[in-house]
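Chain residues, written in single-letter form:
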Amino acid sequence: MMKFDLAPSLKSGYKQFLVGPAVGGVAMAIAAHILISPAWALALFRGSIVGLLDKVIMLHGIRRAMPYEKEPEKGLAIMRRYRWYRVIAASSIIIMLLKQGRDVTGVCIGLLLIHIFYLINLTFIAYRLNKEET
C-alpha cells in the first residue's frame, strides 16, 4: 500500500491540484464544440468553471483546517462550514442559470467531469509522491 503525505503539497499552493482538472475541462469543452454543438460546449465549459470554483473552496477549507492538527474537532468544524459554502456556491449558480432559461444538464455533467478529472489528477500526484519517496 502506498503511503504519502499531501499536506506539504497543499501548503505550497493549489496550482498542481487545479491545473489538471482545468486542462481536462477546457479540452472536454473544445471536443464538445467540434463533435457535438457549440451550445453543449458552452454548457460543459460553465460546468467546468463551477467545478473549479468548488475545488478552490474545498482546497481553501482544507488549508484553513490544517493548523488544527492537534485539535481535530476544530479542523472538522472548519471543513464542515466550507462544505456548506461549496453547496451554496454551486446551487446558487445552477439556480441562477435555471432562472435565465439555460440548459443546466451540460453544466451538471461538466461539474461531474471536473470531479472525475480531479480524482485522476490526485492519482498522478500520489504516484509521483510515492515514486519520490522510494
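First things first, this report covers the structure right here in the doc. (Residues numbered from 1 in each chain as written. Predicted model: local features only at pLDDT ≥ 70, side-chain atom pairs only at ≥ 80, totals over all residues. Heavy atoms only, no water.)

### Quick word on the overall build of the chain
Stage number 1. A tally of helices and strands in the chain yields five helices and zero strands.
Stage number 2. The order of α-helices and β-strands along the chain, N terminus first, is α-α-α-α-α.
Stage number 3. Counting across all 134 residues of the chain, residues that qualify as buried make up 34%.
Stage number 4. Long-range contacts, defined here as pairs at least 24 residues apart, represent 74% of the contacts in the chain between residues at least 6 apart. (Helix = DSSP H or I, 4+ residues; strand = E, 2+ residues; numbered from the N terminus. Buried < 20%, exposed > 50% of the residue type's maximum accessible area, 1.4 Å probe, protein only. Contact = heavy atoms within 4.5 Å.)

### What to know about the packing of helix α3 (residues 38–65) against helix α4 (residues 72–99)
Stage number 1. Direction vectors running N to C along α3 and α4 enclose 165 degrees, while the axes themselves pass 8 Å from each other. On the basis of their axis angle, the class for α3 and α4 is roughly antiparallel. Viewed along their axes, α3 and α4 form a crossing whose handedness is right-handed. Of the residues in α4, those touching α3 at Arg 46, Val 50, Leu 53, Asp 54, Lys 55, Ile 57, Met 58, His 60, Gly 61, Ile 62, Arg 64 and Ala 65 are Gly 75, Ile 78, Met 79, Tyr 82, Tyr 85, Arg 86, Ala 89, Ala 90, Ile 93 and Leu 97. (Axes fitted to C-alpha atoms, helices over the stretch in contact; angles between N-to-C directions. Parallel < 35°, antiparallel > 145°, perpendicular 65-115°, else oblique. Left-handed = near helix turned anticlockwise from the far one by under 90°.)

### Describing the nonpolar core
Stage number 1. Of all hydrophobic cores here, the largest spans nine residues; its members are Phe 17, Leu 18, Leu 52, Met 58, Leu 59, Ile 114, Tyr 118, Ile 125 and Leu 129.
Stage number 2. For this core, the elements supplying multiple residues, two or more each, are α2 (15–35), α3 and α5 (105–133).
Stage number 3. Core analysis: the next-biggest nonpolar cluster, separate from the first, contains seven residues, Val 50, Ala 90, Leu 97 and Val 104 among them. (Core = buried A, V, L, I, M, F, W, Y, C linked by side-chain atoms within 4.5 Å.)

### Details of the pattern of salt bridges
Stage number 1. The full count for this structure, using the stated rule, is three salt bridges.
Stage number 2. In this structure, Asp 54 engages Arg 86 in a salt bridge whose closest nitrogen and oxygen atoms are separated by 2.7 Å. Highlighted residues: Asp 54 in helix α3 and Arg 86 in helix α4, separated in sequence by 32 residues.
Stage number 3. According to the relative accessible area criterion, Asp 54 is buried, its value standing at 7%.
Stage number 4. Across the pair Lys 74 and Glu 71 runs a salt bridge whose closest N-O atoms are separated by 3.1 Å.
Stage number 5. Residues participating in the shared-partner salt-bridge network are Asp 54, Lys 55 and Arg 86. (Salt bridge = Lys/Arg side-chain N within 4 Å of Asp/Glu carboxyl O.)

### Notes on α2
Stage number 1. Over its 21 residues, α2 extends 30 Å from the first C-alpha to the last, a length consistent with the 30 Å expected when each residue adds 1.5 Å.
Stage number 2. Those residues of α2 that fall on the buried side of the exposure criterion are Phe 17, Leu 18, Pro 21, Gly 24, Gly 25, Met 28, Ala 29 and Ala 32. Around the axis of α2, the buried residues are gathered within 135 degrees of arc, so they sit on the same side. Set apart from the buried face of α2 by more than 90 degrees, the exposed residues are Lys 15, Val 23 and Ile 34. (Expected span 1.5 Å × (residues − 1). Arc of directions from axis to C-beta.)

Any functional reading would require information beyond the geometric quantities listed.
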